[in-house]
Amino acid sequence: MVATALVLVVVFYYPVATVFVDSVLVDGQFTIEPLVSVLTSRFYLVEIFGFTAYQALLSTVASVVLGLPGAWLLARFEFPGRETLRSLTILPFVMPSIMVAIGFVATFGQNGTLNAVLRALGLPTVELLFTLPAIVIAHAFYNAPLVARVTTAAWESVDASAIETARSLGASPTRAFRDVVVPQLLPAVAVGATLTFVFTFASFPIVLALGGFRLATVEVFIYSRIQNLAYAEAASLAVVETAISLGLTYLYLRYEGRQRASGQGARPQPRRSLWPRRGGAEDGIGADAWDLREIATRVGIAAYALVVLAVFVVPIASMVLTSLTGPEGELSLRHYRFLLERQRTGAAYQVRPLPAIENSLLFGAGTLLVAVPMGVLMAVLTTRDFRGRAVVDALSMAPLAVSGIVVGLGLLRGLVFGVEVFGTRLTVTGALAVVAAHAVGAYPFVTRNVAPLLRNLDPRLVESARSLGASRARALVDIELPLVAAGVVAGAAFAFAISIGEFDSTVVLAEGSTSYTMPVAVERYLGRRLGPATAMGCLLLLVTSLSFVVIERFGGQYSGRGGF
């Protein structure tokens, strides 16, 4: 516990505190002028924070609109592959954001898939790149599955008895849905919307790749200030952004707590067959006749499936297709040959693919070594009864509310530049700094996977072990941890995938050829040509998928499931 607290203080709270100090300490003098200039500047309030909130609001609305039909489909219909589809809703959440951005560039760019289809149909082309709609759609790609996942769980917990009671009292199906189902779904929708707003408010790679500095959000503007060595200005912006994110996260935690306390439905509604059919429901699945209403419902589902295909599948398919397309539209491996040539002849200062892959895997392994013990220990701590547990729980989840850019800036200004300790200057640079930043961002996901399983364990198991003479630590190791192994493995999968795709802090901390990763390499190639960037993006997709499958299969020997 002491080691975990020490690591948290050194690699998270100290860097964040450094950013806060930088915002009020300029040239060794205390001043609030940078903060005042941010809070009173029309440019910062309207052009930066206003636009950031505006795009987050639009992204939240788009994610909810796209996610709710998915929740309805998963919760109310039975069809082959439903469980698989439900599992896949978590995939966009762990996909590297810069890879998704490349997919959208390949789709919406001037020579992208969308314009190729429009030209083939004889229609005028459109320019969506570096526009707000492209950013909003990309954010919906990430967050609509999250809204669908949270709302599906709430929909499945609606008690069918309450609906039947309303119908027996004369309520129409529409009235019963409005008065019984909707009130039970609203908290879950609010949780999904709040999380989406928090994530999109602090979005960085998507906005950088699809909007550039012309559509700069707070994160992108902080990054530009860091590049221009305007650290006080960057720190002031980061402080205001962090305060807003922490406030929104507090609202989310309150909503989540209320939803958890509301309990589950005693008898869930039976699912309907996706394919209308006549007759009874011998298999327990509701059956419907082919009437106009049911036909219209299925037509709506088919239309929704097309939208899902366009938003979720086309960008990734476009990235793969672009990586295999030559200048004349022919199939070609020239972009992959470019990567091989760059690897063979590239200078030391140029980005080469093999070091990027090696660094990503190395940092992922390092993140596992740090984040998994930290996450498990925090899960153990936050599931014990003691005074102040709620405060410890909130502090342990704080990294979810602080962006990678802020952590990276704090590490850069603190440990990377060096800190005087008892006359000795301590520095943490390169790989160590990157792994520290990745571990801070990843360990809450381990905690969130393990804590629910620990909380649901029968306390009599531990009491029996203690009555037989086992110490509390021995009971933890021999009884509790084996029973929550599935959650540990699931958390490890999240931690590794998050490290592989992390971009925000890595792009700030990466230096030389020893610490740039695959996402950073993708961004550097994107600044030159799209083809090599898509080829590198496909390698990133391959490594991420293989890594995730290997860890998931390793975790398959355990029964149970994690909390995410």
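Residues numbered from 1 in each chain as written. Predicted model: local features only at pLDDT ≥ 70, side-chain atom pairs only at ≥ 80, totals over all residues. Heavy atoms only, no water.

Asks: Before we go on, may I ask you to explain the environment of L461 in this structure?
Replies: Locating L461 in the fold gives a position in helix α21 (residues 459-467). Each C-alpha atom of the pair L461 and E480 lies 8.5 Å from the other, and the pair is 19 residues apart in sequence. Discounting residues that sit within four places of it in the chain, L461 has contacts with I479 and L483. (Helix = DSSP H or I, 4+ residues; strand = E, 2+ residues; numbered from the N terminus. Contact = heavy atoms within 4.5 Å.)

Asks: Whenever I open this one, the pattern of salt bridges confuses me. Can you help?
Replies: A side chain with one charge can pair with a side chain of the opposite charge if their charged atoms come near. This model, assessed by the stated rule, comprises 13 salt bridges. Taking the shortest distance from any N to any O, the salt bridge between R178 and D179 comes out at 3.4 Å. Judged by relative accessible area, which is 40%, D179 ranks as partly exposed. Residues joined in a network through salt bridges with shared partners are E78, R82, E156 and R271. (Salt bridge = Lys/Arg side-chain N within 4 Å of Asp/Glu carboxyl O. Buried < 20%, exposed > 50% of the residue type's maximum accessible area, 1.4 Å probe, protein only.)

Asks: Explain the packing of helix α2 (residues 33-40) against helix α3 (residues 42-76) to me, please; I cannot follow it from the model alone.
Replies: A pair of packed helices can be characterised by two numbers: the angle between their axes and the separation between those axes. Taken N-terminus to C-terminus, the directions of α2 and α3 make an angle of 60°; their axes are 4 Å apart at the nearest point. Judged on the interaxial angle alone, α3 and α2 are oblique. In this structure, α2 contributes S37, V38, L39 and T40 to the contact, and α3 contributes R42, Y44, L45 and F49. Of the residues in the contact of α2 with α3, the class split is 5 nonpolar, 2 polar and 1 charged. (Axes fitted to C-alpha atoms, helices over the stretch in contact; angles between N-to-C directions. Parallel < 35°, antiparallel > 145°, perpendicular 65-115°, else oblique. Nonpolar A, V, L, I, M, F, W, Y, C, P; charged D, E, K, R; others polar.)

Asks: I'm lost on the environment of V9 in this one. Help?
Replies: With respect to the element layout, V9 can be found in helix α1 (residues 2-22). V9 has contacts with Y14 and P15, leaving out every residue within four places of it along the chain.

Asks: Just to check I follow, could you spell out the confidence of the model for the protein chain for this structure?
Replies: Detailed conclusions should not be drawn from predicted coordinates in areas where pLDDT is low. Per-residue pLDDT for the protein chain has a mean of 80; in total, 89% of the residues score no lower than 70. For the protein chain, per-element mean pLDDT is lowest for helix α5 (residues 91-94), which scores 65, and highest for α3, which scores 91. The low-confidence segment residues 556-564, where pLDDT is below 50, has 19 contacts with residues more than four positions distant or belonging to other chains. (pLDDT = per-residue confidence, 0-100.)

Asks: Could you clarify how one ought to interpret the nonpolar core in this entry?
Replies: Counting residues in hydrophobic clusters, the biggest one holds 128 residues, and the most contacted among them are F141 and M536. In terms of residue count, the dominant contributor to this core is helix α20 (residues 430-455) (15 residues). Residues in contact with M536, not counting those within four places in the same chain, are L339, P353, A356, I357, M518, A521, V522 and Y525. (Core = buried A, V, L, I, M, F, W, Y, C linked by side-chain atoms within 4.5 Å.)

Asks: I would appreciate a short explanation of the packing of helix α16 (residues 353-382) against helix α23 (residues 485-501) in the present structure.
Replies: Where α16 contacts α23, the axes come no closer than 8 Å and their chain directions differ by 140°. Put simply, α16 runs oblique to α23. Note that α16 runs across α23; the crossing there is right-handed. Between α16, through S360, L361, F363, G364, A365, T367, L368, A371, V372 and V376, and α23, the contact on the second element is made entirely by V488, A492, A495, F496, S499 and I500. A class-by-class count of the residues in the contact of α16 with α23 yields 12 nonpolar, 4 polar and no charged. (Left-handed = near helix turned anticlockwise from the far one by under 90°.)

Asks: Would you take a moment to explain the packing of aromatic side chains for this structure?
Replies: How two aromatic rings sit relative to each other is given by the distance of their centres and the angle of their planes. For the structure on display, the rule yields 14 aromatic pairs. Ring centres of F204 and Y223 lie 5.2 Å apart, and the angle between their planes is 70°; this geometry places the pair in the edge-to-face category. Taken together, the residues F204 in the loop between α10 (173-201) and α11 (205-210) and Y223 in helix α12 (residues 218-227) connect sequence positions 19 residues apart. Grouping residues by exposure puts F204 and Y223 together as buried. Site record: aromatic cluster; members linked through ring pairs are F104, F108, F141, Y142 and F312. (Phe/Tyr/Trp six-rings, centres within 6.5 Å; stacked < 30°, edge-to-face > 60°.)

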